[in-house]
Amino acid sequence: NQDGVLGHGDDKPRESPAAVRPLAALKAVSGRKVKDVCFASSAGAALMNDGSVVTWGTGRFGVLGTSISSGDGRNQGISGDEKPCLPSLVDKLPAVRALASGTSHMCAVATDGKLYGWGEKICWFASRLLL
């Protein structure tokens, strides 16, 4: 849980399952249920039953898909230290039907079939070699 990927808003390890209370307290997803989850190396994401997406963690390289990051792609606390973020709604997405992640990126398939991606473009070079 070094990067807060468990969604509790801290980096403390948990030896037994614990509900992600900050997700339940997020007003933007009030009354919605989690349909699916995925994890990058520094963030987690939940696809809600209404098609909205919530992310949390430190979100290096923009993997959170929210505006909560500094210029170098890391979330910064008041002291400048990297701090885990509480779950936040990815508000620039339309309704989503599927969610996937890699080491430092996430992708979503919208209900209209369009593909959305965010985070580090780590696979760009490899995909260019295969073309």
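Predicted, not measured: the structure shown is a model, and the values here were computed from it. (Residues numbered from 1 in each chain as written. Predicted model: local features only at pLDDT ≥ 70, side-chain atom pairs only at ≥ 80, totals over all residues. Heavy atoms only, no water.)

Right, let's get into the sheet that holds strand E4 (residues 85-89). With antiparallel pairing, the four strands of this open sheet are ordered in space as E1-E2-E3-E4. The open sheet is flanked by strand E1 (34-39) and E4, the only strands paired with a single partner. With strand direction ignored, the average angle separating the axes of adjacent strands in the sheet is 20 degrees. The pairing of strand E3 (residues 53-57) with E4 spans three bridges and is antiparallel. Residue pairing for E4: Val54 is matched across the bridge by Leu89. (Pairing = 2+ DSSP bridges. Helix = DSSP H or I, 4+ residues; strand = E, 2+ residues; numbered from the N terminus. Axes fitted to C-alpha atoms, helices over the stretch in contact; angles between N-to-C directions.)

A word on the pattern of salt bridges. Applying the stated criterion to the full structure yields two salt bridges. When the shortest N-O distance is used, the salt bridge between Arg14 and Asp10 registers 3.1 Å. Residue class for Arg14 comes out partly exposed when judged on its relative accessible area of 32%. Of the residues examined, Asp10 reaches a relative accessible area of 19% and is grouped as buried. Asp50 is the salt-bridge partner of Arg32, the closest N and O atoms lying 2.9 Å from each other. Of this pair, Arg32 sits in the loop between helix H1 (21-25) and E1 while Asp50 sits in the loop between strand E2 (43-48) and E3, placing them 18 residues apart in sequence. Overall, the relative accessible area of 30% leaves Arg32 in the partly exposed class. By relative accessible area, Asp50 is classed as partly exposed at 38%. (Salt bridge = Lys/Arg side-chain N within 4 Å of Asp/Glu carboxyl O. Buried < 20%, exposed > 50% of the residue type's maximum accessible area, 1.4 Å probe, protein only.)

A few words on the confidence of the model for the protein chain. In this model, the protein chain carries a mean pLDDT of 77, and residues with pLDDT of at least 70 account for 78%. Strand E5 (residues 96-101) holds the highest mean pLDDT among the elements of the protein chain, 95, whereas helix H2 (residues 124-130) holds the lowest, 41. Counting interchain partners and residues more than four positions distant, the pLDDT-below-50 stretch residues 69-81 has 20 contacts. This stretch, residues 124-131, has a pLDDT under 50; its non-local contacts, to residues over four places away or in other chains, come to zero contacts. (pLDDT = per-residue confidence, 0-100. Contact = heavy atoms within 4.5 Å.)

What follows concerns the packing of aromatic side chains. What the rule picks out here adds up to one aromatic pair. Residues Phe39 and Trp56 carry aromatic rings whose centres are separated by 6.3 Å and whose planes lie at 70 degrees to one another, so their mutual orientation is edge-to-face. Of the two residues, Phe39 is situated in strand E1 and Trp56 in strand E3; the sequence distance between them amounts to 17 residues. Phe39 sits in the partly exposed class, given a relative accessible area of 42%. A relative accessible area of 4% places Trp56 in the buried class. (Phe/Tyr/Trp six-rings, centres within 6.5 Å; stacked < 30°, edge-to-face > 60°.)

The next thing to look at is the pairing of strand E6 (residues 105-110). Only one face of E6 is buried, namely the one carrying Met106, Ala108 and Ala110, since none of His105, Cys107 and Val109 on the opposite face is buried. With five bridges connecting them, E5 and E6 associate as antiparallel partners. Opposite Ser101, over in E6, you have Met106 as the bridge partner. The turn linking E5 back onto E6 is made up of three residues. Of the strand pairs in this sheet, E6 and strand E7 (residues 115-119) are connected by five bridges, and their pairing is antiparallel. Each residue of the ladder has a partner; that of Met106, found in E7, is Trp118. Counting the residues that bridge the hairpin from E6 to E7 gives four residues, and of these Gly113 lies at a positive phi of roughly 90 degrees.

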